[in-house]
Amino acid sequence: MRIITGQEEPDSGNVIKAKPNMKVAFLNQEFEVSMTRTVREEFTSAFKEEMEIAERLERRRAQAVDLDEVDAKVSKLMPVLGFSPEDSDRLVASFSSGWQMRMSLGKILLQEPDLMLLDEPTNHLDLDTIEWLEGYLN
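### Focus on the nonpolar core
- Residues Val 39, Phe 43, Phe 83, Met 103 and Leu 110 are the most contacted members of the largest nonpolar core, which totals 24 residues.
- Secondary-structure elements contributing two or more residues to this core are strand S1 (24-27), helix H1 (39-44), helix H3 (67-80), helix H4 (97-110) and helix H5 (127-137).
- Considering each element in turn, this core owes the most residues, six residues, to H4.
- Once residues lying within four places of it in the same chain are set aside, the contact partners of Phe 43 are Val 74, Leu 77, Met 78, Leu 81, Phe 83, Arg 102, Met 103, Gly 106, Lys 107 and Leu 110.

Here it is in structure tokens:
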């Protein structure tokens, strides 16, 4: 999976993607969240490229990237994954590993990839979230 995502180079052969700019997202078995961020900051980190562009534009006082759209996407997804509006300002560290896995999954979904590679995505998830994920993927 790491070769498909470009995180590692193959020893031989090539990876051929269906389209040149194919967006591939990888949910690692060991989820990646920052314990010092709030839930909203963690979800927003899925938009790394957009946030970097906005930061550069802000410094130049040019047109801003539509951060309202980023915020709207995060606000729409949070309740779907079971987060309340009050959870936005809570630190990631205050959540169990199951909820942290939901955050990792949410960040993948927010990226709207062409291909999702999920390495044991149901680790740490409760039955309701597993059923939701199955329905979402279907």
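Next comes the rest of the description.
### Here's the deal with the packing of aromatic side chains
- The final tally for this structure, using the stated rule, is four aromatic pairs.
- Between the aromatic rings of Phe 83 and Phe 95, the centroid separation amounts to 5.7 Å while the plane-to-plane angle is 70 degrees, which identifies the pairing as edge-to-face. Of the two residues, Phe 83 sits in the loop between H3 and H4 while Phe 95 sits in the loop between H3 and H4, which places them 12 residues apart along the sequence. With respect to burial, Phe 83 and Phe 95 carry one shared label: buried.

### Some remarks on the environment of Glu 120
- Considering the arrangement of structural elements, one finds Glu 120 in the loop between strand S2 (115-118) and H5.
- Taking the C-alpha atoms as reference, Glu 120 lies 5.8 Å from Gln 29; in sequence the two are 91 residues apart.

### Quick notes on the pattern of salt bridges
- Under the counting rule described, the total for this entry stands at eight salt bridges.
- Close ionic contact of Asp 71 with Arg 40 constitutes a salt bridge, the shortest N to O distance being 2.7 Å. Linking Asp 71 in helix H3 with Arg 40 in helix H1, this pair joins segments that are 31 residues apart in sequence.
- Residue Asp 71 is classed as partly exposed on the basis of its relative accessible area of 37%.
- Under the relative-accessibility criterion, Arg 40 is labelled partly exposed at 22%.
- Its salt-bridge partner being Lys 73, residue Glu 69 comes within 3.5 Å of it at the nearest N-O pair. Here Lys 73 and Glu 69 lie together in helix H3, a separation of four residues that amounts to about one turn.
- If you follow the salt bridges from partner to partner, you end up with Arg 37, Glu 42 and Lys 107 in one network.

Parameters and conventions
Residues numbered from 1 in each chain as written. Predicted model: local features only at pLDDT ≥ 70, side-chain atom pairs only at ≥ 80, totals over all residues. Heavy atoms only, no water. Core = buried A, V, L, I, M, F, W, Y, C linked by side-chain atoms within 4.5 Å. Buried < 20%, exposed > 50% of the residue type's maximum accessible area, 1.4 Å probe, protein only. Helix = DSSP H or I, 4+ residues; strand = E, 2+ residues; numbered from the N terminus. Contact = heavy atoms within 4.5 Å. Phe/Tyr/Trp six-rings, centres within 6.5 Å; stacked < 30°, edge-to-face > 60°. Salt bridge = Lys/Arg side-chain N within 4 Å of Asp/Glu carboxyl O.

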